[in-house]
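Structural description and commentary
Take a look at the letters that make up each chain.
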Amino acid sequence: MFDLTAADYSLLSWILQSGVAADSLSICFHPGCLMVQCQTLEDATQLWELRSILQLGSIELCFQVNGVFYLATALR
């Protein structure tokens, strides 16, 4: 068993509010970057539109759909 952190709750809230099925996503943290791999552009767009929900500090948010890189921005 482990405790959830504020970042965990932020990610869970983000996914829940987007309506994107969690089992259709893969989320990985890299140094200074949150990489989200989605199955469709629609999923990426829904998450992108709600990016302000994320409370992760100054980190890059990047998306890949079927291995193609689409979006990146610094969260503040």
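Above this text sits the structure in question.
An account of the accompanying structure is given in this report.

Analysis parameters
Residues numbered from 1 in each chain as written. Predicted model: local features only at pLDDT ≥ 70, side-chain atom pairs only at ≥ 80, totals over all residues. Heavy atoms only, no water. Patch = residues over 30% accessible without salt bridge, like charges linked within 9 Å, V, L, I, M, F, W, Y side chains within 5 Å. Areas by Shrake-Rupley, 256 points an atom, 1.4 Å probe, with all protein chains shown as cover. Salt bridge = Lys/Arg side-chain N within 4 Å of Asp/Glu carboxyl O. Helix = DSSP H or I, 4+ residues; strand = E, 2+ residues; numbered from the N terminus. Buried < 20%, exposed > 50% of the residue type's maximum accessible area, 1.4 Å probe, protein only. Pairing = 2+ DSSP bridges. Right-handed = clockwise from strand over helix to strand, strands pointing away. Phe/Tyr/Trp six-rings, centres within 6.5 Å; stacked < 30°, edge-to-face > 60°. Contact = heavy atoms within 4.5 Å.

On the surface, a nonpolar cluster with roughly 600 Å² of combined accessible area is contributed by Phe-2, Leu-4, Tyr-9, Leu-12 and Leu-16. Counting through the fold element by element, Leu-12 comes out in helix H1 (residues 6-18). On the basis of relative accessibility, which here comes to 43%, the residue Leu-12 falls in the partly exposed class.

With that settled, the discussion passes to the pairing of strand E2 (residues 33-38). Most of E2 sits out of view: five of its six residues are buried. Bridge count for strand E1 (residues 25-30) against E2 is six bridges, and the pairing is antiparallel. The residue of E2 that forms the bridge with Ser-26 is Gln-37. The antiparallel hairpin formed by E1 and E2 contains two residues in its connecting segment, where Gly-32 sits at a positive phi of about 75 degrees. Bridging between E2 and strand E3 (residues 59-65) involves six bridges; their strand directions are parallel. Bridging from a neighbouring strand, Cys-33 pairs with Glu-60 of E3. Crossover handedness for the path E2 to helix H2 (residues 41-49) to E3: right-handed.

This part is about the packing of aromatic side chains. In total, this model carries two aromatic pairs according to the counting rule given. For the pair Trp-14 and Phe-63, a centre-to-centre distance of 6.5 Å together with 55 degrees between the ring planes defines the contact as tilted. Here Phe-63 lies in strand E3 and Trp-14 lies in helix H1, a separation of 49 residues in the sequence. Under the relative-accessibility criterion, Phe-63 is labelled buried at 0%. Considering the side-chain rings of Trp-48 and Phe-63, the 6.3 Å spacing of their centres and the 75 degrees angle between planes classify their relative orientation as edge-to-face. Taken together, the residues Trp-48 in helix H2 and Phe-63 in strand E3 connect sequence positions 15 residues apart.

With that settled, consider unusual backbone geometry. For Asn-66, which is not glycine, the phi torsion reads 50 degrees and is therefore positive. Tracing the chain through its elements places Asn-66 in the loop between E3 and strand E4 (68-75).

Turning our attention to the side chain of Ser-24. With respect to the helices and strands, the residue Ser-24 is situated in the loop between H1 and E1. Among residues more than four places away in sequence, those in contact with Ser-24 are Gln-37, Cys-38, Gln-39 and Asp-43.

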